[in-house]
Amino acid sequence: MNLKLKVWRQKNAQSEGKIVDYEAQNIPADASFLEMLDILNEQLQAKGEEPVVFDHDCREGICGACSLTINGIAHGPSATTTCQLYMRHFKDGQTIFIEPFRARAFPVVRDLMVNRSALDRIQRAGGFITARVGSAQDANSILVPKKDADRAMEAAACIQCGACVASCPNASAMLFVGAKVTHFASLPQGQPERQQRVLQMVRKMDEEGFGNCSNHYECEAVCPANIPISVIGQLNRDYPAALVKDSVV
Amino acid sequence: MSVLDSKIPAGPLEKKWEKHKFESKLINPANKRKYEVIIVGSGLAGASAAASLAELGFKVKCFCYQDSPRRAHSIAAQGGINAAKNYQNDGDSVFRLFYDTIKGGDFRAREANVYRLAEISANIIDQCVAQGVPFAREYGGLLANRSFGGAQVSRTFYARGQTGQQLLLGAYSSLNRQIALGNVEMFPRTEMLDLVIVDGHAKGIVTRDMVTGAVQTYAADCVVLASGGYGNVFYLSTNAKGCNVTATYRAHKKGAFFANPCYTQIHPTCIPVSGDYQSKLTLMSESLRNDGRVWAPKNKGEKRPPQQIPEAERDYFLERKYPSFGNLAPRDISSRSAKQVCDEGRGVGESGLGVYLDFEESIKRLGENTVRERYGNLFEIYEQITGDDAYKTPMRIFPAVHYTMGGLWVDYDLMSNVPGLFVLGEANFSDHGANRLGASALMQGLADGYFVIPSTIGNYLTHQLGKRPSVDHPEFKKAEADVRARTSRLLGIKGRRTVDSFHRELGLLMWDLCGMARSEKSLQRALSRIPSLREEFWQNVNVTGGNEELNQSLEKAGRVADFLEFGELMCLDALERKESCGGHFREEFQTPDGEALRNDQEFAHVAAWEYTGPNSKPVRHTEDLQFENVHLATRSYK
Ligand SMILES: Cc1cc2nc3c(=O)[nH]c(=O)nc-3n(C[C@H](O)[C@H](O)[C@H](O)COP(=O)(O)OP(=O)(O)OC[C@H]3O[C@@H](n4cnc5c(N)ncnc54)[C@H](O)[C@@H]3O)c2cc1C
Ligand code: FES
């Protein structure tokens, strides 16, 4: 198939960007979206032009590196990561807009690549259980009901791609933070640091310039890891509870 | 005597590690702060090492090429992690895991290392659970297990089909905690381009900031490489696109011996190649073989869709050839069997390069829901890629490059022959011999990082207090200048072919001539073609853009340049190893029924290659392998 591409090009964080038109020709329907860009890049380089920069690594939908806004939707039309989107979802002759994930907290690095290190910093603020190597007890001495383990796993499946932020009108990171909080809050091991964790992560989230949640649910719709919106409910319960306890102490 | 001293502790197998830990040098807490450790890699091995060493008090700098340490390739591991917990009471033990690993590796791994790995395996699960890794559970709250290839017990722990992700997130969270405490300084989007040796010791690295292009040097008291495997030498593999041999290969050029580079693992269950635009291959976890049955049509050139092929005309070839292990035969054997079937013209799919993995029977037995619960995300991935629904029609699978058992040579302390250079995880050669069993790489990466290196690093560091050079040392300046010169050279060629086109050509060549089966003839051909391809690369590659900017074309060019040298070393190693063992199958050496034929008399050793300069043949050193606790026997899974 042949496609008309409108691609965001931006030299670096300091410079201005703009949409540039390209034609992608003879694209197989079984190629992935990123393979379509590979083909475009081969063609550009053959002409001595610089290839379009985008983040990617695993190309299996698990590392969370790929991050394109396709026709206005984070990761495009199917509820997967960009790398798991296949060209059979597009029509011959279609025009496709390709832009980076947009959010105040995600500055553009180059072209379609953004800086999502704010999400790492939020985790650093409290997204862990303090467990010193060498002092763990036998794994089966901590019993976790299957229901709780499944709930923890469901939340822990987050791939930190940032699509939730990019799709939110307020660029909120509540789904992301809610997922972390829910993962640990569902497990007995996560209880001792539960309050401190939620307070510190939320504080960091605000500091990093993410917006608030005003219930648009776009995040849940685009999330390739199927993180449910209920994790935001968990966050909204745990945070005020932690604030109260914190002020009592 | 061999120049390679493995430093395996004396004494009975079960006591070696305990005794060695006791005899290892401790560093007093006040002094630990005075040591700096560089760690290249933030996968399971690198992240767990960084977190553990920082927790002990060392000052750590950790580097990775992704934008976040959590995206290291370990994140993609699906199926599980082994541990000799014997929670299922099915006869597992440390010795059995040890034995299975030695046998699975076709008797080409070191007994002492493997035994230690099996011993530590149980601690890993404890550690991960304490960190909050959400392993699968039974209804009573106990941990659940499944089986993997090459084993008859259920010892694999898993977190849906995302075990690597969850284990890495556990290590990443511990790493984060240490970063927040100021004990680890993290350098994402930073690629190591050279190792710096001062007075024969590894004392630093040269890096390129992948955003600004700045070339920098860092000094430390020792350097730990945990940079993963080199499967991407084949271009198409199940590895992430960025996986590379650069860190280990450049260390090799600075004196570190490369061990058994020809040992590569071809995984039996991957989605077949669909076209020449294809950029990578996708694994369908081996855990699927617990419930899926592998078959091919009995007739050549069969054109009917699978559902219309009657039972009597199907060949469940693994069950037929290996009745006691059946679909759970080890990877090398399963892959080769699939290749044989396709070579006979019985392969399925358009290219004829595929066999079926069929769930019909288990769906009947267990119900679709149970199958969905066990493998749902894998079925989804399969459908996204191929457009087929595997609940209704069997998956089509074909072997693909997956893992590399070879790596930098290390001793029992995980130190290479270069003092001060430690190597962990897939980057070293140590534990899997000629074939790795499923769910054992995650185990090894975490064993190395959480438990081995924290105990052994002191043996080197105690003698190094106050010896850390400054980055103004001439060796640092020289290494930095070399990196800059190489970059300018790559950018200055301005030829007519893209970097990827060279990578694809090399990959195809390696797959055809040094892939699932090799012969003296094919290897000789590879050895004559690689140098000319390399020469063409250095004359005709087109690397666009400049150095002082984000330049993905330049990043790839540097990696492909290394693969173009490394591929030759692989073929050389494959040529010199005149036997078949594990993943290394030489057509000249096979039994009448097509199984690998080892030659224990001449090749029960590790081959470790020394770099001797750009135009001279590398030197092959050997380390003899002693088998005192398991009997050297022909592997049988029949
Ligand atoms: C699809 C797939 C599924 C798998 N499933 C399983 C499984 O179920 N069970 C199992 O046991 N094993 C599995 N494996 C194997 C296992 O995942 C890997 O062997 C293991 O994760 C490797 O871990 P590592 O820490 O050694 O390296 P990696 O996780 O590969 O990490 C390498 C690190 O080094 C960094 N790096 C590399 N080069 C440089 C450089 N030049 N400069 C700076 N940084 C650099 C990278 O950024 C990264 O942080 C699977 C592998 C694949 C491909
Ligand atoms: S490239 Fe890893 S999730 Fe898309």
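Residue indices begin from 1 for each chain and proceed along its sequence in written order. As a convention, the first chain written is A and the first ligand written is 1, with the rest following in written order. At least 70 in pLDDT is required for a residue's local features to be given in this predicted model, at least 80 for side-chain atom pairs to be given and counted, and no such filter applies to totals for whole chains, interfaces and linings, which use all residues. With hydrogens and water excluded, all non-hydrogen atoms of the structure serve as input to the side-chain values.

Colleague: Any details on the overall build of chain A? Residues and values, ideally.
Modeller: Strands here mean DSSP runs of E at least two residues long; helices mean DSSP runs of H or I at least four residues long; both are numbered from the N terminus. The helix and strand tally for chain A stands at 8 helices and 7 strands. Counting only C-alpha atoms, chain A reaches 65 × 40 × 35 Å along its principal axes. Relative accessibility thresholds used throughout: buried, under 20% of the residue-type maximum; exposed, over 50%; partly exposed, between the two (1.4 Å probe, protein chains only). Relative to its 249 residues, chain A shows a buried fraction of 59%. Pairs of residues are marked as contacts when any of their non-hydrogen atoms sit within 4.5 Å. Once local pairs closer than 6 in sequence are excluded, the contacts in chain A between residues at least 24 apart make up 69%. Computed by Shrake-Rupley with a 1.4 Å probe, the accessible areas treat only the displayed protein chains as cover when residues are assessed. Counting every atom, chain A has about 9,800 Å² of accessible surface; 50% of that belongs to carbon and sulfur. Between the mean site of the 26 positive side-chain charges and the mean site of the 28 negative ones, chain A shows a separation of 4 Å. Positive residues here are Lys and Arg, negative ones are Asp and Glu, while His and the chain termini are left out of the count. A charge is said to be at NZ when it belongs to Lys, at CZ for Arg, at CG for Asp and at CD for Glu.

Colleague: Could you give an account of unusual backbone geometry, with specific residues and numbers?
Modeller: Residue and element names in this part refer to chain A. One non-glycine residue, Asn-26, adopts positive backbone phi at about 55°. Among the structural elements, Asn-26 can be located in the loop between β2 (18–24) and α1 (33–46). For Asn-26, a relative accessible area of 65% gives the class exposed. The phi dihedral of Asp-111 falls on the positive side, at around 45°, and the residue is not glycine. Here Asp-111 shows up in the loop between β6 (108–110) and β7 (113–114).

Colleague: An account of the site of ligand 1 is requested, with residue identities and associated values reported.
Modeller: Around ligand 1 sit 39 residues, and of these Gln-66, Ser-74, Gly-79, Met-192 and Glu-426 of chain B come closest. Among the chains of the assembly, those with residues near ligand 1 are chains A and B. Contact distances for ligand 1 include 3.4 Å between an oxygen atom and a backbone N or O atom of Ala-226 of chain B. Within the side chain of Asn-244 of chain B, an N or O atom sits 3.2 Å from a nitrogen atom of ligand 1. Protein chains shield 98% of the accessible area of ligand 1, which is 1,000 Å² for the free molecule. For the shell around ligand 1, the elements supplying multiple residues, two or more each, are α3 (44–56), β6 (190–198), β15 (395–404) and α12 (441–461) of chain B. Of all the elements, β6 of chain B adds the most residues to the shell around ligand 1, at 3 residues. Any residue with at least one heavy atom within 4 Å of a molecule or strand is counted as near it. Identification of polar contacts relies on pairs of N or O atoms within 3.5 Å, with a donor-acceptor requirement for protein atoms, meaning one able to donate a hydrogen and the other able to accept it, and with residues adjacent in sequence counted only if both atoms are side-chain atoms.

Colleague: Quick one: what's the story with the packing of aromatic side chains, residue by residue and with numbers?
Modeller: Residues and elements named next belong to chain B. Classification of ring pairs uses Phe, Tyr and Trp, with its six-membered ring standing for Trp, and accepts pairs whose centres are within 6.5 Å; under 30 degrees between planes counts as stacked, over 60 as edge-to-face, and the remaining range as tilted. Applying the stated criterion across every chain yields a total of 26 aromatic pairs over all chains. Clustering of aromatic rings is evident, with ring pairs tying together Tyr-230, Tyr-249, Phe-258 and Phe-566. Taking NZ or CZ as reference, Arg-497 lies 4.0 Å from the ring centre of Phe-502, over its face. Only lysine NZ and arginine CZ atoms are considered, and such an atom sits over a ring when it is within 6 Å of the ring centre and within 35 degrees of the ring normal.

Colleague: Describe the sheet that holds β2 of chain A, listing the residues and the values that go with them.
Modeller: All names here are of chain A. Strand order in the open sheet formed by 5 strands is β2-β1-β5-β3-β4, and the pairing between neighbours is mixed. Strands at the two margins of the open sheet, each flanked by one partner only, are β2 and β4 (73–74). A pair of strands is considered paired only if DSSP assigns at least 2 bridges between the two. Note: strand β3 (residues 68–70) against β4, 2 bridges, orientation antiparallel. When the sheet's bridge partners are listed, Thr-69 is paired in β4 with Ala-74.

Colleague: How would you sum up the interface of chain A and chain B? Please name residues and give values.
Modeller: Contacts between the two partners involve 71 residues from chain A and, on the opposite side, 75 residues from chain B. The partner of Arg-189 of chain B in a salt bridge is Asp-55 of chain A, and the shortest N-O contact between them spans 2.9 Å. Breaking the side of chain A that touches chain B down by element, the ones donating at least two residues are α1, β6, β7, α2 (117–124), α3 (146–156) and α5 (174–185) of chain A. Element by element, the count of residues in the side of chain A that touches chain B is highest for α3 of chain A, at 7 residues. All amino acids are sorted into three groups, where Ala, Val, Leu, Ile, Met, Phe, Trp, Tyr, Cys and Pro are nonpolar, Asp, Glu, Lys and Arg are charged, and the leftover types, Gly among them, are polar. By residue class, the composition of the side of chain A that touches chain B is 34 nonpolar, 15 polar and 22 charged. The term salt bridge refers to a side-chain nitrogen of Lys or Arg lying within 4 Å of a carboxyl oxygen of Asp or Glu.

Colleague: Can you explain the nonpolar core? Please cite residues and give values.
Modeller: The criterion is simple. A nonpolar core is a set of buried Ala, Val, Leu, Ile, Met, Phe, Trp, Tyr and Cys residues joined through side-chain atoms within 4.5 Å. Membership of the largest hydrophobic core comes to 235 residues, with the highest contact counts inside it found for Phe-210 of chain A together with Ile-81, Phe-135, Met-395, Leu-421 and Phe-537 of chain B. Looking at which element gives the most residues to this core, the answer is helix α16 (residues 552–576) of chain B, with 13 residues. Setting aside residues up to four positions removed in sequence, Phe-135 of chain B forms contacts with Ala-149 of chain A together with Ile-81, Ile-125, Cys-128, Val-129, Leu-143, Phe-157, Tyr-158, Ala-159, Thr-163 and Leu-167 of chain B.

Colleague: Before we move on, could you go through the side chain of Ser-42 of chain B and cite the residues and values that matter?
Modeller: Residue and element names in this part refer to chain B. Structurally, Ser-42 can be placed in the loop between β1 (36–40) and α3. Judged by its relative accessible area of 2%, Ser-42 falls in the buried class. Separated by 3.1 Å, the side chain of Ser-42 and the backbone oxygen of Pro-69 make a polar contact. Not counting the four nearest positions on each side in its chain, Ser-42 is found in contact with Ala-47, Cys-62, Phe-63, Cys-64, Pro-69, Ala-72, Leu-168 and Met-186.

Colleague: Could you give an account of the domain arrangement of chain B, with specific residues and numbers?
Modeller: Residue and element names in this part refer to chain B. Here the bounds of each domain stem from an automatic or database domain assignment. Taken as a whole, chain B is organised into domain 1 (267–401) and domain 2 (484–604). Using only C-alpha atoms to locate each centre, domain 1 and domain 2 end up separated by 29 Å. Every contact between the two is made by 13 residues of domain 1 and, on the other side, 10 residues of domain 2. Here domain 1 meets domain 2 over a buried area of about 870 Å², counting both sides, of which 55% is carbon and sulfur. Taken together, the links from domain 1 to domain 2 amount to 4 residue pairs in polar contact (both at pLDDT 80 or more). At the level of elements, α9 (331–343) and β15 are the ones that each hand at least two residues to the side of domain 1 that touches domain 2. Counting residues per element, the side of domain 1 that touches domain 2 draws most heavily on α9, which supplies 6 residues. Each residue belonging to the side of domain 1 that touches domain 2 can be placed in one class, and the counts come to 6 nonpolar, 3 polar and 4 charged. Throughout, the accessible surface (probe 1.4 Å) given up by two parts as they are put together, summed over both, is called the buried area.

Colleague: Account for the packing of α2 of chain A against helix α6 (residues 163–180) of chain B, naming residues and giving values.
Modeller: It is at 8 Å that the axes of α2 of chain A and α6 of chain B come closest, and there the two elements cross at 85°. By the angle between their directions, the pair α2 of chain A and α6 of chain B is classed as roughly perpendicular. Between α2 of chain A, through Asp-120, Gln-123 and Arg-124 of chain A, and α6 of chain B, the contact on the second element is made entirely by Tyr-172, Asn-176, Ile-179 and Ala-180 of chain B. For the contact of α2 of chain A with α6 of chain B, the class distribution of residues is 3 nonpolar, 2 polar and 2 charged. Angles here are taken between N-to-C directions and fall from 0 to 180 degrees, while the axes themselves are lines fitted to C-alpha atoms, restricted in helices to the stretch in contact. Oblique is the label for any angle not under 35 degrees, not over 145, and not in the 65 to 115 range, which are roughly parallel, roughly antiparallel and roughly perpendicular in turn.

Colleague: Describe in detail the domain arrangement of chain A, supporting the description with residues and values.
Modeller: Residues and elements named next belong to chain A. Partitioning chain A into domains gives domain 1 (3–113) and domain 2 (116–248). Taking the mean C-alpha position of each, domain 1 and domain 2 sit 29 Å from one another. Between domain 1 and domain 2 the total buried area reaches about 1,300 Å² when both faces are included, carbon and sulfur atoms providing 66% of it. The shortest N-O distance in the salt bridge between Asp-55 and Arg-116 comes to 3.5 Å.

Colleague: Can you tell me about helix α1 (residues 16–23) of chain B, naming the residues and giving the values?
Modeller: Residues and elements named next belong to chain B. Within α1, burial applies to Lys-16, Trp-17 and His-20. Buried positions in α1, seen along its axis, are confined to an arc of 90° and lie on one side of it. With respect to the buried face of α1, the exposed residues turned more than 90 degrees away are Glu-18 and Phe-22. Those residues of α1 hidden inside the fold are in contact with α5 (111–131) and α12. Note that the arc is computed from the directions linking the helix axis to the C-beta atoms.

Colleague: A description of the pattern of salt bridges should follow, citing residues and the corresponding values.
Modeller: Residues and elements named next belong to chain B. Under the defined criterion, the tally for this structure stands at 68 salt bridges over all chains. When the shortest N-O distance is used, the salt bridge between Lys-85 and Asp-126 registers 2.6 Å. Of this pair, Lys-85 sits in the loop between β3 (81–82) and α4 (94–104) while Asp-126 sits in helix α5, and the two are 41 residues apart along the sequence. Take Lys-85 and Asp-126: they sit in the same class, and that class is buried. Residue Lys-254 pairs with Asp-194 through a salt bridge whose shortest N-O separation is 3.2 Å. Of this pair, Lys-254 sits in the loop between α7 (246–253) and β10 (258–259) while Asp-194 sits in strand β6, and the two are 60 residues apart along the sequence. Given the relative accessible area of 30%, Lys-254 is considered partly exposed.

Colleague: Tell me about the pairing of strand β7 (residues 201–209) of chain B, residues and numbers included.
Modeller: Working note: regular strand, side chains alternate between the two faces of the sheet. Residues and elements named next belong to chain B. The buried fraction of β7 is high, at 7 of 9 residues. Two strands pair when backbone bridges link them, and β6 and β7 are joined in this way by 8 bridges, in the antiparallel orientation. Across the sheet, Asp-194 pairs through a bridge with Val-206, a residue of β7. Counted along the chain from β6 to the antiparallel partner β7, the turn is 2 residues long, and its residue Asp-199 has a positive phi close to 50°. Two successive antiparallel strands, β7 and strand β8 (residues 215–219), enclose a turn made up of 5 residues, where Gly-213 displays a positive phi of approximately 85°.

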